[in-house]
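# Observations on the model geometry
Below are the chains, spelled out letter by letter.
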Amino acid sequence: MSTTKRMKARELGIRGMNCASCVGQVEKAIRSVPGVLNVTVNLAMQRAKFELSENPANVAAVIKAIRAAGYEPVLHTVQLGIDGMSCASCAGRVERALKTVPGVLEATVNMATKIATVNTLFATTPSATFIEAVRTLGFSAEEIGKSPDRVDRERETHEREVGTLKRAAIVAAMFTAPLFILEMGSHFVPGLHYWLMDTIGRSNLFYLFFVLATMVQLGPGRRFYSKGWPALQRGAPDMNTLVMLGASAAWGYSVVATFFPAALPAGTVHVYFEAAAVIITLILFGRYMEAIARGRTSEAIKRLMCLQAKTARVVRGGEEMEIAVEKVCVGDTVLVRPGEKIPVDGEILDGESYVDESMVSGEPIPSLKEKGAAVVGATINKTGSFTFRATKVGADMLLSQIVRMVEQAQGSKLPIQALADRVTTWFVPAIIAAALVTFGTWLLLGPAPALTYALVNAVAVLIIACPCAMGLATPTSIMVGTGRGADMGILFRRGEALQTMRDAEVIAMDKTGTLTRGRPELTNFAAAEGWESGEVLRLIASAERLSEHPIAEAMVKGAKDHGLPLAEAQNFKAHPGLGLSARVEGRRIEIGADRYMKQLGIDLRSFGQTAEQLGDEGKTPLYAAVDDRLAAVLAVADPIKDSTAAAIEALHRAGLRVAMITGDNRRTAEAIARRLGIDEVVAEVLPDGKVEAVKGLQKEGRKIVFVGDGINDAPALAQADVGIAIGTGTDIAMESAEVVLMSGDLRNVPNAIALSRATIRNIKQNLFWAFAYNSALIPIAAGALYPAFGVLLSPVIAAIAMAASSICVLGNALRLRRFRPPMRAEIRQEAGHG
């Protein structure tokens, strides 16, 4: 009876069923799972219904059984915006709560975006179930959609959070500064102490300290109580709880010393208001810096969404009309004019043009599109007009797929947890337990008055174990490390990248705009015997000046760079796929590929060796003929950056492998790899191929850093353990990456990795000092030396020790300002690369 009550009806979508035999196999597979009853499979609806006991292991077993039978369960994804999380331990508790919901296969929480992604087996599970699971932990949640409005809301929420923390930190500092100066100054400057006693008086000074510290407690510090106390009640104390207890202990003891001094043992009447205020102020500043480091991750999605054309010109019923791009249907005939964005994916029906597809391929040279060629929505038509048939619209478009890939990669779980939060999972309850044990021991075994001794020593334990230094250990190092990086032209958009880059094993790079300059240039030119180089180049450039092709622009620029005066050209004619012809100063000029020259009957054997050498370099040789005589061979290519070779060599010295993932053809990619000493090459890939290539490297257990600059690189940048965007590239690539190089100088990649390793080393030193230093003094604060030496650690000394540990952490973090990069690199954008 009780077993039946635990059973629940479930419905599951299944892909791949084609016949009654498939139905039988699926039913058999599901029935084989323990705890499953009453299985029915509907072929027409492609769904299975069954009863299942509410056991997560059984849910996973159902999926495994269906897949083993050769079919695929349809999983459903729900995304929730989570409000109220302050550390990685909060995210971990949210994940664990979501995983307890029946049917949930995986739940991940991204602290950078404050978004929880839940993959569930059952579409019937309402979102309210997940929201309630989060609410029971003391956090709020709401389901989020995919609209641009959602992106705006997330950005506004983040900006509001940063603004609130900034105001709270400033207010806390305004009240803490005079309190700290007066209290600590009187300890270290005897003259100030005597002056304060004579003019203000001890009691009045304590009252002033009480007012200032209480303003910090009840104002900016209220957030720690509103989150720390419920966490303590639930039996899951966090950093908020420790801040609350530490600040409350110092403040509470000081209140007793101020208003009820007779309740304390002789010699222990001291106030620690400054400790209570400093704890809250420094932690608030640390959280403010962490909030800034998270950045606005939703900007990449918003900008991708804005790439799509707003309208499309279609032909329906023989009439041409302009409609919203959302209303374009598969099969519509769409017209595109020069300079317009292509609204949706399709196939050309009539006409031809060059299309800038750098968004997709990364190639700076527009592609020739003729009848039957595929075109991609959001790419830009350059020269001619054409009509095409819409083949993919809406969510099926390549641009939409890129948006989804960036969202999925950014929402996936980072393979990292903050070191401070990992320590805190056991440190926080251990300190609370130590304070309670101290109080109980002194209460039972201590001398009279036992209660006051118990209170004093328990307070000393809480003060000396205050998480001030531990809370500062990570954000201060990140703050100084990222600031030093900014000085070097390296922007860390997310602090997590500092830790992940330290473990990097493979640096994967895009080619165009990353390894190369990102624009075609005249890289090779050789005149035939009997011809003068400058004169031939002048004639070629004069003919090419009438062409709008980027290769022509490179030739014209090459001639101008040599100071050659260009002449007017007549009878210009383009031969698509072959080359062009024109008359310059009465001479016939013909320029094109080898097939065009052969069509003209021109012998190319004299340049055979040069053409072979260019081919080995991954370049396509072009030829020029003047008056039907072979005059020159040349090549236009995207040249390698000056900094690339040195950067790759430095990465190899650092023990890293270098991979190139590119949309280029394999021959070109491998030629470049040979020249630069690149270890691995993945060529001829589209954006989803780049993501799969990164995933493939990650499956081998290696930490992957991907370096890119184009829109087509955005999904791979987001998928990689760390994405590094070249600052000379697109804004979207930079928003998808955790690290941005302000210049196109790749030498800043090994510099960024070196800075990452130095920063994480610094954080570990800070955490060790903050933890080990305070932990070593906890037994003394608890009174371990009293039986043998009669020594107690006064809360005053405990407060000083706490402050000393914070100062040590800050001083150690400031050492990062002296970090020297292993390579000298450009800091800002290189001229002409904007």
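Here, every reference points to the structure presented above.
All values reported here derive from a predicted model rather than from experimental measurement.

About the criteria used
- Residues numbered from 1 in each chain as written.
- Predicted model: local features only at pLDDT ≥ 70, side-chain atom pairs only at ≥ 80, totals over all residues.
- Heavy atoms only, no water.
- Pairing = 2+ DSSP bridges.
- Helix = DSSP H or I, 4+ residues; strand = E, 2+ residues; numbered from the N terminus.
- Axes fitted to C-alpha atoms, helices over the stretch in contact; angles between N-to-C directions.
- Parallel < 35°, antiparallel > 145°, perpendicular 65-115°, else oblique.
- Left-handed = near helix turned anticlockwise from the far one by under 90°.
- Contact = heavy atoms within 4.5 Å.
- Nonpolar A, V, L, I, M, F, W, Y, C, P; charged D, E, K, R; others polar.
- Buried < 20%, exposed > 50% of the residue type's maximum accessible area, 1.4 Å probe, protein only.
- Arc of directions from axis to C-beta.
- Phe/Tyr/Trp six-rings, centres within 6.5 Å; stacked < 30°, edge-to-face > 60°.

### Things to note about the pairing of strand S21 (residues 569–575)
Taken together, the five bridges between S21 and strand S22 (residues 579–584) define a ladder with antiparallel strand orientation. In the sheet register, Lys 573 faces S22, and the bridge partner there is Ser 581. Taking the residues between adjacent antiparallel strands as the criterion, S21 and S22 are bridged by three residues, where Gly 577 takes a positive phi near 80°.

### Let's talk about the packing of helix H20 (residues 533–544) against helix H21 (residues 550–561)
When two helices pack together, you describe them by how their axes are tilted relative to each other and by the distance separating the axes. At a closest axis distance of 8 Å, the pairing of H20 and H21 adopts a crossing angle of 140°. The orientation of H20 relative to H21 falls into the category oblique. Between H20 and H21 lies a crossing of left-handed hand. Of the residues in H21, those touching H20 at Leu 537, Ile 540, Ala 541 and Glu 544 are Ala 552, Met 555, Val 556, Gly 558 and Ala 559. Its residues assigned to classes, the contact of H20 with H21 comprises seven nonpolar, one polar and one charged.

### Describing helix H23 (residues 608–616)
Regarding H23, the residues found buried are Ala 611, Leu 614 and Gly 615. End-on, the buried residues of H23 take up no more than an arc of 100°, which puts them together on one face. Turned more than 90 degrees off the buried face of H23, the exposed positions are Gln 609 and Glu 612. The secondary structure elements touched by the buried residues of H23 are strand S20 (521–527), strand S24 (622–626), strand S25 (629–637) and helix H25 (666–676).

### Considerations on unusual backbone geometry
Even without glycine at this site, Ala 378 takes up a positive phi of about 80°. Position of Ala 378 among the secondary structure elements: in the loop between strand S15 (374–375) and strand S16 (380–381). Residue Asp 628 is not a glycine yet carries a positive backbone phi of 65°. For Asp 628, a relative accessible area of 52% translates into the label exposed.

### Some details on the packing of aromatic side chains
Within the structure shown, the criterion is met by six aromatic pairs. For the ring pair Phe 210 and Trp 251, a centre distance of 6.2 Å and an interplane angle of 25° mean the geometry is stacked. On the criterion of sequence distance, the pair formed by Phe 210 in helix H8 (residues 202–218) and Trp 251 in helix H10 (residues 239–259) is long-range, its members being 41 residues apart. Accessibility expressed as a relative area gives 23% for Phe 210, which makes it partly exposed. Measuring from ring centre to ring centre gives 5.2 Å for Trp 442 and Tyr 786, while their planes differ by 65°; the resulting arrangement is edge-to-face. Pair noted here: Trp 442 is in helix H15 (residues 419–445) and Tyr 786 is in helix H30 (residues 786–789), with a separation of 344 residues, a long-range link.

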